[in-house]
Amino acid sequence: MQVDYGKQGFLILLLASIMVVCVEAIRPDSTLWNDSQTTDFQAQKDTLDDFHRTVVERSPSLYGAESWEILPSEKEIFAKLESPLSRFFGALNLSRSRKSKVRIAYFGDSMIEGDLITQTLRHELQKMFGGQGVGFVPITSNTYSFRKSIWHRFSKDWRSYNFLKSNRQDFGISGELFLASQPTDGRRNLSTWVRYQGSDMYPTTQTFDRISLFYGKQTDSLYADQEAFVEVRIKDQRDTLFLDPSYAVNQLSLTGEPVENIELRFSIPKNLPVYGLNFESESGIHLDNFSSRGSSGQDLVDIPDEMMKQFHHHLEYDLVVLHFGVNVTSAHRTNFDSYEAGMKRVIKHIRQCMPETDILMVSVGDRGIKLNGRWQTDPSVPLVLEAQRRVAEEMNVGFLDLYRSMGGKNTMVRWVARDWAIHDHVHTTRRGARKIAGILRDYLLSQYEDFEIEPMQALR
């Protein structure tokens, strides 16, 4: 049989050309994310979707023909990338194809009270990656009337404890626990209650898709035989659900269908800790706001290992954000070695309890202080910033320089003039909080863009 070498050569050249085109096609566009404040986020999301589809269609042997699927070997590549946030970004990729959850625990001080900063960041990420709900919300809150992302009310007979003021060993993931009033008449006493209602702030906060209750363990043998239950009220429907306080952290599903509001009335022993409710959807981004007024961040080591591990078992965090520093600054302090050591202990504590979770440290922002009759940046702010940077570098966690991203020296003076900060020159207004959320969003997306490029290069 005679071989047509001319035709065979032409086919080889054609195949080589197709391979070159495919390689060029899967290169991510370096302009995928726009850092400007006027970015069209839906357009970004569509661009990313188109990019993923292109990769799938032109490289089916790598990614599978049906979806943007992360194979086990690729997961290993993601984990080995140099970025300290590579696992989190890998989870984002997985969520796009498998409709899975991505969860962020955002710990901070009074800068994030009332869901400030986090409500905007959550919303922007949910627009791009999906998701519904506001995440974990405690039973009571000092800022319940200030928070706009969820309507929240509760009875006055709750007793609350937090890790800043108590040495208990059963604090929840938020550093808090709540005890109900003691029933005096068995099943008929339901005076301790809590109510939540959706907010019209965003489309993703108007209804609750999936709701669950978190509560603790019954440790007092005096109440071992007492029934613990909660009456769930949704519109005109009332259901009684019994609690099984067998473990340090217990989760009870309350509804799996969208509802606009929910009320819980408790009949439980006086020493049974209740932690809060989780409002989420089946897939997409979920971001929990854990604010602790007055905290330096070092107090997080007081959340017991067992509690943090069990909450992580239920909620499966992909990223922990540590946003502290304003309560560490002091104009007369020049040495922050003890603070550095304390934050390293916090990171070690988190890693011990959540070994596969990435960590991002958000630095202190600007803080104003009145010196010599005029407002200016507290001189300790740059010192705290550099201490935080050293912690992040030594512990290999993500780091965002918020101070310089906000504008650097005397930012708060300018922000007060623009109504982006209040007159204490420490806390932002809602407008300022949205500005900081935009900084966080742009940082995460720029890092995510780099992550999108690195796996492609590693797989070639």
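The text that follows walks through the structure, step by step, so that each part is easy to find. (Residues numbered from 1 in each chain as written. Predicted model: local features only at pLDDT ≥ 70, side-chain atom pairs only at ≥ 80, totals over all residues. Heavy atoms only, no water.)

## A look at the overall build of the protein
Along the backbone of the protein there are twelve helices and 18 strands. The burial tally for the protein puts 55% of its 460 residues in the buried class. Of the contacts formed within the protein by residues at least 6 apart in sequence, a portion of 77% connects residues at least 24 apart. (Helix = DSSP H or I, 4+ residues; strand = E, 2+ residues; numbered from the N terminus. Buried < 20%, exposed > 50% of the residue type's maximum accessible area, 1.4 Å probe, protein only. Contact = heavy atoms within 4.5 Å.)

## Concerning the side chain of Asp170
Inspection of the secondary structure assignment puts Asp170 in the loop between β4 (159-162) and β5 (176-179). Within polar-contact distance, the side chain of Asp170 engages the side chain of Arg168 at 2.8 Å. Residues in contact with Asp170, not counting those within four places in the same chain, are Leu177, Pro273, Tyr275, Pro304 and Met307. (Polar contact = N/O pair within 3.5 Å; in protein donor to acceptor, adjacent residues only side chain to side chain.)

## A closer look at unusual backbone geometry
One non-glycine residue, Glu316, adopts positive backbone phi at about 55°. Counting through the fold element by element, Glu316 comes out in the loop between α7 (305-315) and β14 (319-323). Overall, the relative accessible area of 55% leaves Glu316 in the exposed class. In this structure, Asn410 is a non-glycine residue whose phi angle is positive, near 65°. Looking at where Asn410 falls in the secondary structure, it is placed in the loop between α10 (402-406) and α11 (411-417). Look at Asn410 and you get partly exposed, because its relative accessible area is 21%.

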